[in-house]
Amino acid sequence: MLKAPELLLPAGTLDKMRAAYDFGADAVYAGQPRYSLRARNNDFKLEELKTGIDEAHARGKLFFVASNLLPHNSKIKTYMADMEPVIAMKPDALIMADPGLIMMVRERWPEVPIHLSVQANTVNYMGVKFWQKLGVSRIILSRELSLDEIAEIRQECPDIELEVFVHGALCIAYSGRCLLSGYFNHRDPNQGTCTNACRWDYKMHDTQADDAGDVQTIKLDFHKALEEANQSFAACGGAERHPLADKTYLIEEGSRPGELMPIIEDEHGTYIMNSKDLRAVEQVEKLVKIGVDSLKIEGRTKSLYYVARTAQVYRRAIDDAVAGRPFDYSLLAELEGLANRGYTPGFLERHQTQDYQNYLDGHSKAKQSQYVGDVLEVDADGWALIEVKNRFGVGDRIEVIHPRGNRIVQLTQMTRNGVAVELAAGNGMQVRIPDMAGMEKALLARLI
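These notes cover the structure that comes with them. Quantities reported herein were computed from a predicted structural model and do not represent experimental measurements. (Residues numbered from 1 in each chain as written. Predicted model: local features only at pLDDT ≥ 70, side-chain atom pairs only at ≥ 80, totals over all residues. Heavy atoms only, no water.)

### Digging into unusual backbone geometry
Even without being glycine, N121 reaches a positive phi, approximately 60°. Checked against the element boundaries, N121 lands in the loop between β5 (114-116) and α5 (125-133). Within the chain, K441 stands out as a residue other than glycine whose phi angle is a positive 75°. Along the polypeptide, K441 turns up in the loop between β25 (430-433) and β26 (443-447). (Helix = DSSP H or I, 4+ residues; strand = E, 2+ residues; numbered from the N terminus.)

### Notes on the environment of M83
Structurally, M83 is set in helix α3 (residues 73-88). Along the primary structure M83 and S67 are separated by 16 residues, whereas in three dimensions their C-alpha atoms are 9.2 Å apart. Once you skip the residues sitting within four places of it in the chain, M83 turns out to touch Q32, S67, L94 and W109. (Contact = heavy atoms within 4.5 Å.)

### Thoughts on empty space enclosed by the protein
Rolled over the atoms, a probe with the dimensions of a water molecule shows which regions are left empty. All chains considered together, the criterion is met by three cavities of 30 Å³ or more. Approximately 90 Å³ is the volume attributed to the largest cavity. For the lining of the largest cavity, the residue count by class is ten nonpolar, two polar and one charged. In this structure, the second largest cavity spans a volume of roughly 70 Å³. Listed by contribution, the elements that provide at least two residues to the lining of the second largest cavity are α9 (284-290) and α10 (304-323). Examining the composition of the lining of the second largest cavity, we find that three residues originate from one element, α10, more than from any other. Class assignment of the residues belonging to the lining of the second largest cavity gives a composition of seven nonpolar, no polar and five charged. (1 Å grid on protein atoms, 1.4 Å probe; cavity = no way out; pocket = protein on both sides within 12 Å on 5 of 7 lines; lining within 4 Å. Points joined across faces, edges and corners; volume = space filled by probe spheres on them. Nonpolar A, V, L, I, M, F, W, Y, C, P; charged D, E, K, R; others polar.)

### Some thoughts on a negative patch on the surface
Together, D148, E149, E152 and E156 make up a region of like negative charge exposed at the surface. Here E156 lies in helix α6 (residues 147-156). Overall, the relative accessible area of 34% leaves E156 in the partly exposed class. (Patch = residues over 30% accessible without salt bridge, like charges linked within 9 Å, V, L, I, M, F, W, Y side chains within 5 Å. Areas by Shrake-Rupley, 256 points an atom, 1.4 Å probe, with all protein chains shown as cover. Salt bridge = Lys/Arg side-chain N within 4 Å of Asp/Glu carboxyl O. Lys, Arg positive; Asp, Glu negative; His and termini not counted. Charge placed at Lys NZ, Arg CZ, Asp CG, Glu CD. Buried < 20%, exposed > 50% of the residue type's maximum accessible area, 1.4 Å probe, protein only.)

### Side note on α5
Because an α-helix completes one turn every 3.6 residues, residues spaced three or four positions apart along the sequence face the same direction. You can read the cap of α5 off the contacts: a side-chain oxygen lies 3.1 Å from the backbone nitrogen of M126, and it is on N124. Once α5 ends, the next one or two residues include G135, with phi positive near 100°. (Polar contact = N/O pair within 3.5 Å; in protein donor to acceptor, adjacent residues only side chain to side chain.)

### Observations concerning the pairing of strand β2 (residues 27-31)
Judged by how many residues are buried, β2 sits mostly within the fold: five of five residues are covered. What you see with β2 is no split at all: A27, Y29 and G31 on one side and V28 and A30 on the other are buried throughout. Strand direction decides the pairing type here: strand β1 (residues 6-10) and β2, joined by three bridges, are parallel. When the sheet's bridge partners are listed, P10 is paired in β2 with Y29. As a crossover connection, the stretch from β1 through helix α1 (residues 14-22) into β2 is right-handed. Pairing of β2 with strand β3 (residues 62-66), which is carried by five bridges, proceeds in the parallel orientation. Residue pairing for β3: V28 is matched across the bridge by F63. (Pairing = 2+ DSSP bridges. Right-handed = clockwise from strand over helix to strand, strands pointing away.)

### Quick look at the pairing of strand β17 (residues 369-378)
Judged by how many residues are buried, β17 sits mostly within the fold: seven of ten residues are covered. As defined by bridge partners, β17 adjoins β26 across five bridges and the pair is classed as antiparallel. Within the sheet, the bridge partner assigned to G373 lies in β26 and is L444. One ladder, built from five bridges, connects β17 with strand β18 (residues 384-388); its direction is antiparallel. If you follow V375 over to β18, its bridge partner there is I386. In textbook terms, the turn of a hairpin is the stretch between consecutive antiparallel strands, and for β17 and β18 this stretch comprises five residues, one of which, G382, has a positive phi near 85°.

Quick look at the structure:
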């Protein structure tokens, strides 16, 4: 029988950690804002870290602390003193990227397991062996690897744990080493303060050279230009470079009108633009057969609904793969219900450029369903108190998402403060709905 890999979920808050465990995660990762790559939307101060680690161990689960920034000198000076109380909490591992910090931790606390962050960009088996000699117990492989490359690393390095990302946002820079946010806002992604500048609203402008050879802006209908260029490319059988590959364009960010920045689009796309999100649920069986030790989901700033849904879906995919059951294609539809920018298997499978570059949409879209509420409590009569997250109403088909299994109901009644109502207008309200006995900890999604 195949070995089940660990399912590793993000925890931006204690509630998200609990949801991850409830819905099937074996482990979570969280980090102090000062030393991880999530300084914003991160509730894990020292007190929360201790609570999280203690609760994880009481459940028989694992809790990893991300300490994976690439520090400047000022943080080197404070690091060891700040980490001492964290180490005393006995996390199951530290996730680290910087070789200097790793050396310091190995010298001071040799008993603490270290997982090498994806930020260290490990893409080959000799790199894995190098870090293994330094005492690192797990390597989080770069997202830029194919399934064949991962299999070769597993074969060459059989006695070290390997971790692979299977779901979440893809950075437009190499394994997250992005300078764009720092360039625009002086907020360095490698210090945990990324503003996701790659997701902003950009407009493209075409250019032509004047007599002096300088670039001049001309009006661009990008979709029309792309269609014409694709037709030209197809006419030559795709044997030559794409007509748009070597052109220079100017981009204009929505909040900075008139500030035009040059950008070159080559055969791989426009790097500053919008990547699709990683979804490798169909590749779980192959990763299990390769012998990957941990499958990781990205998203410490995502919603509790995202954590619960991805944990549930990937738990089922892992269990099916280990049991030898065929892939359940309904899992794809469940992930479509999450806000996403389109999905791609990333570099795991060979693909065409358009499979991972989203040229058309810069915003997240939820298809199939929309997260609308959390069950806060259920009374003796089966009426549940709902914390409303998005609009829903009487007559809607609601999916009740619960650790013991999901079900779909037609909403026939709803009350607010004891008075019958037809509509829960949106975030900030609390309403009650019936027929929810035993559904504590459930989440609600409106089917679209």
